[in-house]
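Structural overview
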2 protein chains.
Amino acid sequence: MTDTAFLSSILSPDRVSTTTADRDHHGRDWGTPPEEAAPPDVVVWPESTAEVSAVLAAATERDIPVTPFAAGTGIEGNAVPVRGGISLDLTRMDTVLEVRPEDAQIDVEPGVVGAAVDEAVAAHGLFFPPLPTSADMATVGGMIATNASGKRTVKYGEVGDWVREVEVVLADGSVLTAGTRAAKSSSGYNIRDLIVGSEGTLGVVTRATLALAGRPEQTRVGRVTFSTLADATDAAADIVGSGVDVSAVELVDALSARMVNAYIDADLPERPTLFLEFQADHGVDEEVDFCRAVLAAHDPTTVVLGEEAAGEDVWEPRRELADAVRAYYPDRRSLHAGDVAVPLGSFSTLLERIRALSERHDIPIPTFGHAGDGNVHFDVLVDPTDDDAVDTAERVYDDIVTTGIDLGGTASGEHGIGRGKRGFLRTEHGDTGVRAMEAIKDALDPTGTLNPGKIFP
Amino acid sequence: MTDTAFLSSILSPDRVSTTTADRDHHGRDWGTPPEEAAPPDVVVWPESTAEVSAVLAAATERDIPVTPFAAGTGIEGNAVPVRGGISLDLTRMDTVLEVRPEDAQIDVEPGVVGAAVDEAVAAHGLFFPPLPTSADMATVGGMIATNASGKRTVKYGEVGDWVREVEVVLADGSVLTAGTRAAKSSSGYNIRDLIVGSEGTLGVVTRATLALAGRPEQTRVGRVTFSTLADATDAAADIVGSGVDVSAVELVDALSARMVNAYIDADLPERPTLFLEFQADHGVDEEVDFCRAVLAAHDPTTVVLGEEAAGEDVWEPRRELADAVRAYYPDRRSLHAGDVAVPLGSFSTLLERIRALSERHDIPIPTFGHAGDGNVHFDVLVDPTDDDAVDTAERVYDDIVTTGIDLGGTASGEHGIGRGKRGFLRTEHGDTGVRAMEAIKDALDPTGTLNPGKIFP
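Cut-offs used in this document
Residues numbered from 1 in each chain as written. Chains lettered and ligands numbered in written order. Predicted model: local features only at pLDDT ≥ 70, side-chain atom pairs only at ≥ 80, totals over all residues. Heavy atoms only, no water. Salt bridge = Lys/Arg side-chain N within 4 Å of Asp/Glu carboxyl O. Buried < 20%, exposed > 50% of the residue type's maximum accessible area, 1.4 Å probe, protein only. Helix = DSSP H or I, 4+ residues; strand = E, 2+ residues; numbered from the N terminus. UniProt positions renumbered as here; feature names shortened; annotations may be inferred. Domains from an automatic or database assignment. Contact = heavy atoms within 4.5 Å. Buried area = accessible area lost by both parts, 1.4 Å probe. Pairing = 2+ DSSP bridges. Axes fitted to C-alpha atoms, helices over the stretch in contact; angles between N-to-C directions. Parallel < 35°, antiparallel > 145°, perpendicular 65-115°, else oblique. Left-handed = near helix turned anticlockwise from the far one by under 90°. Nonpolar A, V, L, I, M, F, W, Y, C, P; charged D, E, K, R; others polar.

**A word on the pattern of salt bridges**
Under the defined criterion, the tally for this structure stands at 54 salt bridges over all chains. For A:Arg100, the salt bridge goes to A:Asp103, with nearest N and O atoms at 3.3 Å. The exposure class assigned to A:Asp103 is buried, which follows from its relative accessible area of 11%. Ionic pairing is found between B:Glu47 and B:Arg15, a salt bridge with its closest N-O pair at 3.6 Å. Of this pair, B:Glu47 sits in the loop between strand 2 (42-44) and helix 3 (49-62) while B:Arg15 is found in the loop between helix 1 (5-10) and strand 1 (16-17), placing the two residues 32 residues apart along the sequence. Residue B:Glu47 is classed as partly exposed on the basis of its relative accessible area of 38%.

Put into structure tokens, the structure is as follows:
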């Protein structure tokens, strides 16, 4: 048990807690099954960079682990303090510091929720494009820590592509500013992009300058269904490869469609379906027509697009999917709900292999996600009380992730490695790659204070 | 003098040279004045990753510096071997390894020239968007080392934004692959983007997978002249801020226009001028019209855009500019021809300050460059035999770069720090930032073998 008196001398005592409720809340995330919860010894809520710095310096001196935490919406245990110690809750650092429309930039504290960024800039005709689906809850700090992304990443890129500058507190309490507010830079090592995606293991982001895009004047949506999964994935690749200016290309497979229909009493065709969105200042209908021509080569069975989709909430099923999956099999749990991303030309192959694994082992695996990025989300659904089935499902899960890596892809498209995918780091990056990462960790956090037990095998 | 016998046991002897001609060629770049040339002791031309690895391992063992070199088109002395040792010339590793149109990717060796990337993929309807102006000569390896960019960066981003995966040889000879061929990733530390822009000080890129974009079907160009510099820079910011889909917004100031007119006998109005390019698959003329409306608020004196510009090579003056500057004052030399980038909203301020410095000290400073990125190129022109004038010019140059940093920008938008801008690294990144960079350097190249004397103050 950590002696926490030193924390109450840094922060006001009401911002230091060892209650069971607070510790439990900080011991899990969206992806943590009950038996893997790992509460911290103490939770603290700093309100400034100086307080974060003081906590880190004191913890490093005392060799106490510190794990940053905010909304807890991760799914790989990224913010779960597996070695105990201090959970550094950043949700009280939730101020929008400045909007600079002339630079198309915003400065925020890390606890600002994604949706609040959009709200703060909407009046200026701007928006923050890479928001994840969880943006109503997920914080900027967490999005940066995992290099999150969302449905519009196919057009606009990842969160990391929109981070201009970060203020970061290192484990020893020193504070650095990485990146620049200029749109481009070739000045020294790119520490900013090293911090992005490092899951709080190298430093704690205490302020971020984000770039913004002009809010497009026109939006069109659509939903296109296919007979086969291969038709749907080929169509997704063709849409992107043909240069259609599309702002979202999301796949929902037949099983996922069935789950959604059951959950919201919808009448989605129970076949592979692409959800599409187009955004532009001009010519959006020309773009929809161009997309329609591309789609025609892939034998769609139903096309609801542009004009036809107006007035209908065609995207509702996609939004409800995560909840629908959880509700469909009350006796099964998603084993490591995960994501894998591959080069676009291999997306069909990946989906086919997942389906083959599902059929061979008779395990339901709904697949859905960001088809335009070659990024699939999947749930390996299994009865957690059936040990043999769990063993098989574990192997299937490993097979899927390894297949993604073998296809030239990555073990995680947008959720990070956390503790859940540590076993794949070496498979993807090799001994030399992992050694280089370890050397960087040692260089910036020699005492291993920050978020221990994550990322590394 | 380095004992080079060990090199001839690694490479065939015809690929190891100590001739004066070879050493001189590798002792300078485009930005090196004669008195700052620094020839290596020996030049080697490896032809494979294995050979690069063997050279690096042997050099590290012997404590001999190794400086990667290719086209020598840098302007900050990035590839000049200031501590002697080995110049590692990568121009023989110039094979296009594979084009994968289904992934919109190409694999190349580092010595492949930028323009050759475009040539290799044109038949597939693809192109590599961030090529710099020097792409006819500059190599992919050099572009990655400096995180280069070009006129289309305003729409498409920097070279680093298009690098998917790099094979890198570290100083000890070990080989790692950083990044992924997937379009997105949250898997471990982003070593790829750490290598990008590290100027060969952390590792040597021996293979790169680059992403490609669809070659747009429609292109329109134009040239717009203004009475005042403020009108031109405000217009540039407004074009970008209004979300015009523009693929290039380049500024040429009045002095630069005069230089170009003298050089190519053109009749460019000798006032601040924006060069514009629009590229799209659809609706490009609508976009030109939208831009025309945005421009109208900034009192342009001459607008040659879209239809009016058809058939005329309106961009020729911009292309000839670098040579025109060199030719205009035969008795003056550009002191540290350089670039600085600032947030878009501060671009006007930066340009006004440069003009004020020029007038106050009576030193001609032509300014031009990527106005849409807030990135200016400038030449502080001075008689190199006049010591007092050189001193003043040095101070003016320092003032310009420091002003850029003070405005929230960066000491280098696209050329790197090299040896020329080491003095600004601490100004921009602070003590903690520089210390973090040094720690990373020590972590990946503990013997300091790679390109010593660069980047760090």
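**Details of the UniProt feature "domain: FAD-binding PCMH-type" (unreviewed entry) in chain A**
As annotated in UniProt, the feature "domain: FAD-binding PCMH-type" (unreviewed entry) corresponds to residues 36-215 of chain A in the numbering used here. The annotated region residues 36-215 of chain A carries 22% helix and 24% strand content, and the separation between its end C-alpha atoms amounts to 42 Å.

**With respect to the domain arrangement of chain A**
All names here are of chain A. Domain boundaries in chain A define domain 1 (5-89), domain 2 (96-214), domain 3 (218-319) and domain 4 (328-406). For domain 1 versus domain 2, the separation of C-alpha centres amounts to 22 Å. Each partner contributes to the interface: domain 1 provides 14 residues, whereas domain 2 provides 17 residues. Both faces combined, the contact of domain 1 with domain 2 buries some 1,100 Å², and carbon together with sulfur accounts for 68% of it.

**Examining the sheet that holds strand 1 (residues 16-17) of chain A**
All names here are of chain A. Strand order in the open sheet made by the four strands is 1-2-4-3, with mixed pairing throughout. The open sheet terminates on both sides in strands that have one partner only, identified here as strand 1 and strand 3 (66-69). Across three bridges, strand 2 (residues 42-44) lies against strand 4 (residues 86-89) in parallel orientation. If you follow Val44 over to strand 4, its bridge partner there is Leu88.

**Details of the packing of helix 8 (residues 229-241) of chain A against helix 10 (residues 284-296) of chain A**
Residue and element names in this part refer to chain A. Running from amino to carboxyl end, helix 8 crosses helix 10 at an angle of 140 degrees, the nearest separation of the two axes being 9 Å. Considered as vectors, helix 8 and helix 10 are oriented oblique to each other. Relative to helix 10, the crossing made by helix 8 is right-handed. Together, Ala235, Asp238 and Ile239 of helix 8 and Cys291, Val294 and Leu295 of helix 10 make up the contact between the two elements. Looking at side-chain class alone, the contact of helix 8 with helix 10 contains five nonpolar, no polar and one charged residues.

**Things to note about the packing of helix 14 (residues 387-406) of chain A against helix 15 (residues 422-444) of chain A**
All names here are of chain A. Packing of helix 14 against helix 15 brings their axes to within 10 Å, and their N-to-C directions diverge by 25 degrees. In terms of orientation, helix 14 lies roughly parallel with respect to helix 15. For helix 14 against helix 15, the interelement crossing comes out right-handed. Across the interface between the two elements, Tyr397, Asp398, Val401, Thr402 and Ile405 from helix 14 touch Phe424, Thr427 and Glu428 from helix 15. Here the contact of helix 14 with helix 15 is composed, by residue class, of four nonpolar, two polar and two charged.

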